[in-house]
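# Notes for the structure review
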Amino acid sequence: MAVVLDRLGERYDHPTWSAPRLDAAAELVLTILSQNTSDINSARAFERLRASYPTWDAVLAAPTDELVEVIRPGGLANVKAPRIQAVLAEVREATVDAPFDLSFLGTLPLAEAKGWLGALHGIGPKTAAIVLLFAFGRPALPVDTHVFRVASRLGLLPLKSDVVRAHDILEESLQPAEVYPFHVELIRHGREVCHAQRPACGICPLTDICVYYREVVARSSRPAGVSGARAVRAVPSDPADWRRKLLHGALPPE
Ligand code: SF4
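Described below are features of the structure shown in this document. (Residues numbered from 1 in each chain as written. Predicted model: local features only at pLDDT ≥ 70, side-chain atom pairs only at ≥ 80, totals over all residues.)

### As for the nonpolar core
- If you look at the biggest cluster of nonpolar residues, it comprises 62 residues, and the most contacted ones within it are Ala25, Val87, Val131, Leu132, Leu133 and Ala151.
- Per-element tally for this core: the top contributor is helix H8 (residues 125-136), with nine residues.
- Of the residues that make up this core, three or more belong to each of domain 1 (2-16 + 142-248) and domain 2 (24-136).
- Among residues more than four places away in sequence, those in contact with Val131 are Ala24, Glu27, Leu28, Thr31 and Leu117. (Core = buried A, V, L, I, M, F, W, Y, C linked by C-beta atoms within 7 Å. Buried ≥ 20, exposed ≤ 12 C-beta atoms within 10 Å, placed from the backbone. Helix = DSSP H or I, 4+ residues; strand = E, 2+ residues; numbered from the N terminus. Domains from an automatic or database assignment. Contact = placed C-beta atoms within 7 Å.)

### Looking at helix H10 (residues 163-172)
- Among the residues of H10, Ala166, His167, Leu170 and Glu171 are the ones counted as buried. One face of H10 carries all of its buried residues, which in axial projection span an arc of 115°. Residues of H10 that are exposed and angled more than 90 degrees away from the buried face: Val164 and Glu172.
- Looking at the buried side of H10, the elements it contacts are H8, helix H9 (145-154) and helix H11 (176-192). (Arc of directions from axis to C-beta.)

### With respect to unusual backbone geometry
- Positive phi, normally seen in glycine, also occurs at Asp13, with a value near 65°.
- Among the secondary structure elements, Asp13 is positioned in the loop between helix H1 (2-11) and helix H2 (24-33).
- Non-glycine residue His14 carries a positive phi angle of around 45°.
- Locating His14 in the fold gives a position in the loop between H1 and H2.
- Overall, His14 belongs to the partly exposed group, with 13 C-beta atoms counted inside 10 Å.

### So, the site of the ligand
- Around the ligand, 14 residues are found, and the nearest of them are Cys194, Cys201, Cys204, Cys210 and Tyr213.
- Breaking the shell around the ligand down by element, the ones donating at least two residues are H9 and helix H12 (211-220).
- Here the residues of the shell around the ligand are counted per class, giving 12 nonpolar, one polar and one charged. (Near = placed C-beta within 6 Å. Nonpolar A, V, L, I, M, F, W, Y, C, P; charged D, E, K, R; others polar.)

Given below as structure tokens:
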């Protein structure tokens with residue numbers, strides 16, 4: 001783990017958490033908006049929502065159809081608008097003395113803070129961890145598709161682990177101060193180098209410790225005179241799990 005952090009840190013400028021980018025309620029709403037869409041689209045939807053409604057109470061009071069139109073650039077608006085209102089209603093009910101103030105999550109024991117957020121309508125471990133990590137700098141690791149893919153390829157996760165379990169496995173293997181850089185570095189690496197379809201292993205600093213590279217990429221390098229079909233057949237001794245969990249299609253690496 002230290003090697004991964006060292007090398008990716010060098011490539012991605014050693015990211016550190018310094019301050020909240022948003023308060024926790026806003027982070028929660030933004031994270032719902034970001035589900036199954038790009039950062040650009042979710043940011044646009046979030047900006048429109050904040051410009052349209054001056055308070056969270058106003059979001060709650062808005063007709064759902066209207067909210068759907070406001071956040072439409074974020075995609076899946078018909079799902080996300082009622083989800084946002086349901087979550088905000090629960091938060092409102094739980095924060096009567098200081099409406100929508102979730103600052104108590106910054107000091108609650110971490111497991112309790114995760115449990116509190118996870119009990120909200122439609123909030124899973126990834127969203128809970130995003131709120132805790134980005135709004136408070138707490139050592140909760142969000143595992144998105146990039147983190148999961150890169151960690152799996154590096155062999156940091158058992159082959160059978162699912163993304164929910166991966167939160168605990170990876171988080172337990174990190175020191176608290178490593179959680180934020182690990183999250184940011186693996187996302188950037190997944191986006192920029194370790195692509196789902198064609199990982200750019202040729203420019204990756206982790207080939208010597210990457211299980212996927214050793215078991216799939218290096219073995220599938222086509223020897224001179226060997227046909228593509230034969231080379232593919234010669235690849236891993238037990239390719240089924242790799243193909244199912246990691247290849248995401250059988251395209252060759254860049
Ligand atoms: S060596 Fe290739 S598969 Fe492994 S982490 Fe790097 S880019 Fe991803």
